[in-house]
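# Secondary and tertiary structure notes
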Amino acid sequence: METKLLDVRLPEGGSPEELEAARTRVQASIAEASEILKRGGLVAFPTETVYGLGGDALNPDAARKIYAAKGRPSDNPLIVHIADERQLDVLTDKVSDTAKKLMKAFWPGPLTMIFDKLPGVPDGTTGGLQTVAVRMPDDPVTLALIRESGLCIAGPSANLSGGPSPTSWTHVYQDLDGRIDGILQSGESRVGIESTVLDLTGEVPMVLRPGWITPEQIAEITGGKVEMDPALFVNRQRDEAAGDPAPKAPGMKYKHYAPKGEMIILQGEQEAVRREAERIYKEKIAEGKKVEKLLFSDENLAEAAHTLFAELRRCDEENVEFIVASAVEASDSVGFAIMNRMLKSAGYHVVRV
Ligand code: AMP
Ligand code: MG
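Below, the structure is looked at part by part. For clarity, every value in this text was computed on a predicted model and none was experimentally measured. (Residues numbered from 1 in each chain as written. Chains lettered and ligands numbered in written order. Predicted model: local features only at pLDDT ≥ 70, side-chain atom pairs only at ≥ 80, totals over all residues. Heavy atoms only, no water.)

### Re the site of ligand 1
Which entries qualify depends on this criterion: Note on definitions. A residue lies near a molecule or strand when any single heavy atom of the residue is within 4 Å of it. Surface exposure here means Shrake-Rupley accessible area, sampled with a 1.4 Å probe, where a residue is shielded only by the protein chains that are shown. Segments assigned H or I by DSSP are reported as helices when at least four residues long, segments assigned E as strands when at least two residues long, and all are numbered from the N terminus. Just so you know the grouping, Ala, Val, Leu, Ile, Met, Phe, Trp, Tyr, Cys and Pro go in nonpolar, Asp, Glu, Lys and Arg go in charged, and all remaining residues, Gly too, go in polar.
Near ligand 1, the surroundings consist of 19 residues, among which N76, T131, P156, R209 and G251 are the closest. Expressed as a share of its isolated accessible area of 500 Å², the protein-covered part of ligand 1 is 95%. Of all elements in the fold, only strand 6 (131–135) and strand 10 (206–209) reach the threshold of two or more residues within the shell around ligand 1. Considering every element that reaches the shell around ligand 1, the biggest residue donor is strand 6, with three residues. Its residues placed into classes, the shell around ligand 1 shows twelve nonpolar, four polar and three charged.

### Examining the packing of helix 1 (residues 16–38) against helix 4 (residues 140–149)
We apply this condition: Axis definition: a line fitted to C-alpha atoms, over the contacting stretch in the case of helices. Angles run 0 to 180 degrees between N-to-C directions. Angle categories: roughly parallel below 35 degrees, roughly antiparallel above 145, roughly perpendicular from 65 to 115, and oblique for all the rest. Less than a right angle of anticlockwise turn of the near helix away from the far helix marks a crossing as left-handed, whereas a clockwise turn marks it as right-handed. Contacts are assigned to residue pairs with any non-hydrogen atoms lying within 4.5 Å of each other.
Running from amino to carboxyl end, helix 1 crosses helix 4 at an angle of 50 degrees, the nearest separation of the two axes being 9 Å. Relative to helix 4, the element helix 1 is oriented oblique. The crossing of helix 1 and helix 4 is right-handed. Between helix 1 and helix 4, the residues in contact are Q27, I30, A31, A33, S34, L37 and K38 and V141, A144, L145, E148 and S149, respectively. Classifying every residue of the contact of helix 1 with helix 4 gives seven nonpolar, three polar and two charged.

### Considerations on helix 6 (residues 215–222)
Applicable threshold: Remark: exposure states derive from per-residue accessible area (1.4 Å probe, protein chains only) relative to the maximum for the residue type, with buried under 20%, exposed over 50%, and partly exposed in between. The arc in question is the one traced by the directions running from the helix axis out to the C-beta atoms.
P215, I218 and T222 are the residues of helix 6 that are buried. For helix 6, the angular spread of the buried residues around the axis is 60 degrees, confining them to a single face. Looking at the buried side of helix 6, the elements it contacts are helix 3 (97–106), strand 5 (111–116), strand 9 (196–199), strand 10, strand 11 (227–228) and helix 9 (333–345). G223 occupies a position one or two residues after helix 6 and carries a positive phi of about 70 degrees.

### A closer look at the side chain of K70
We count it as follows: When charges are counted, Lys and Arg are positive and Asp and Glu negative, with His and the chain ends excluded. A carboxyl oxygen of Asp or Glu within 4 Å of a side-chain nitrogen of Lys or Arg is what we treat as a salt bridge.
Within the element layout of this structure, K70 appears in helix 2 (residues 60–70). Although K70 lies buried, it forms no salt bridge, and the closest oppositely charged side chain, D175, sits 7.4 Å away as judged by the N-O distance. If we ignore the near neighbours within four places in the chain, the residues touching K70 are L53, P156, S157, N159, L160 and S161.

### Notes on the sheet that holds strand 1 (residues 4–7)
Here is the rule we go by: Pairs of strands are assigned from DSSP output, requiring at least two bridges between the strands.
Strand order in the open sheet formed by eleven strands is 1-8-2-3-7-4-6-5-9-10-11, and the pairing between neighbours is mixed. Strands at the two margins of the open sheet, each flanked by one partner only, are strand 1 and strand 11. Relative to strand 6, strand 4 (residues 79–81) runs parallel, the two sharing three bridges. Directly across from I79, in strand 6, lies its bridge partner A133.

Here it is as structure tokens:
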């Protein structure tokens, strides 16, 4: 299939006429994407977290196509994207006061909430679960697309399953050209790591996937306790450790974010980490290996989140065989979310220095 590139970028400057022409083009791209989605097709869309692969959430056929295009295991449920809280009415009838407060505080934004689902939400969208994950993304083009189509849009990250998530339209193109109907060409994803997933179906809200919105921020709004899925603290591949708790978000158990080369994470005092990274770098070069250092700073975790996946993809493009990365401080909640991704990228290969 031909993958249509649909430009939704606006120029920074230019004459009023140029700006008007660009606005008309953006409108036409959104209209075309909307038509594709209404026909049951797939369009990748920008969000502030990472790019999503969109299909009509209430059309089981579209959901099937999403799994096929990504090569995603069918028990890994999709997040449903909405542009208006009223769209929740077709997804769930269990919206608690806590959920309402969280929506008011964080939507549009990188917080996904899990609710009990209504029967109209296909099992194909929720990976067979009786719950549905919903979020309102903070991107004007995607919000306009959802409104224009009138659909709830199922959207996992728009990458081939297992690899790093896409934070630019070119990443999507590299993975999914020829496998989906269209890609909205917008800018880089601002946050760079996927949304925080919060389960609201139990007594106490529980974080199933850490993200940019922290448990502290959530607790501040709810005024109560927020739990973390115990599986988030298991720093090993589950296969190696029978008896470890299984993650409650099915997607968290899969191999993820893996670059093609081998990757290790160095953990310890910053100067010592930098020295050891340099030593390993030289050692690998001497062995004739193509090697890359990814050194992140605890002082700028926003930058680390924003660049992590793009850096891993760059390493793949450049055929890097060995990546030596520095850990970030996991006692910080954003650092914890970044480490959650890095550990999976590195297959939990951590060396303390
Ligand atoms: P992705 O779409 O690639 O960002 O991944 C979505 C994440 O949300 C995966 O880890 C899913 O397992 C998780 N998720 C989606 N829906 C549910 C649900 N109903 N219950 C638990 N986890 C969910
Ligand atoms: Mg994903």
